[in-house]
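Each chain, letter by letter, is given below.
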Amino acid sequence: MIDASTILENNYELKAESFLYYLQEKRLFNKEALRQLCESIYALAEENINISRTAGKINYIYGAVLKCFLYHFDANDPYKITNLPENYNRMIGQFEKCVEFYFSTRISA
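1. Brief notes about the overall build of the protein chain
Helix and strand counts for the protein chain come out as five helices and zero strands. Counting from the amino terminus, helix and strand elements in the protein chain follow one another as α-α-α-α-α. With the C-alpha coordinates aligned to their principal axes, the bounding extent of the protein chain is approximately 40 × 30 × 20 Å. Residue burial in the protein chain is summarised as follows: out of 109 residues, 37% are buried.

Right under this line is the structure:
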């Protein structure tokens, strides 16, 4: 199994088999890759690692995923996710929760 830092890095660099790679480059919604990304973000929230680099990468990936959905639902944009599951909103909600969890455990008010 690939470790959490590698999964995050693969998404950040749009490497094959990562959720962001599938979404941006292949226009495919890969449920398993999203699950791995979410689990990795949760795992990284538990580790003592360089917060600025990790937080920047998580923020970039989160923004890129959101942009893909904006483009998908824009009638004037040719970008379309070809296999968007019916429960995509629940899955993206889980993604949002893990991102919020990361930032809430790493950054104190």
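2. Focus on the pattern of salt bridges
Under the counting rule described, the total for this entry stands at four salt bridges. Between Lys15 and Glu13 there is a salt bridge; the shortest N-O distance is 3.3 Å. Notably, a salt bridge pairs Arg35 with Glu32, separated by 2.1 Å at the nearest N-O pair. You can see Arg35 and its partner Glu32 sitting in helix H3 (residues 31-46), three residues apart, about one turn around the helix. Three or more residues are tied together by salt bridges with common partners; here these are Glu32, Arg35 and Glu39.

3. With respect to the packing of helix H2 (residues 19-26) against helix H4 (residues 51-73)
H4 packs onto H2 with a crossing angle of 35° between their chain directions and a minimal axis gap of 10 Å. The handedness of the crossing between H2 and H4 is left-handed. Along its contact with H2, which presents Phe19, Leu20, Leu23 and Gln24, the element H4 presents Tyr60, Ile61, Ala64, Val65, Cys68 and Phe69. Per-class residue counts for the contact of H2 with H4 are nine nonpolar, one polar and no charged.

Parameters and conventions
Residues numbered from 1 in each chain as written. Predicted model: local features only at pLDDT ≥ 70, side-chain atom pairs only at ≥ 80, totals over all residues. Heavy atoms only, no water. Helix = DSSP H or I, 4+ residues; strand = E, 2+ residues; numbered from the N terminus. Buried < 20%, exposed > 50% of the residue type's maximum accessible area, 1.4 Å probe, protein only. Salt bridge = Lys/Arg side-chain N within 4 Å of Asp/Glu carboxyl O. Axes fitted to C-alpha atoms, helices over the stretch in contact; angles between N-to-C directions. Left-handed = near helix turned anticlockwise from the far one by under 90°. Contact = heavy atoms within 4.5 Å. Nonpolar A, V, L, I, M, F, W, Y, C, P; charged D, E, K, R; others polar.

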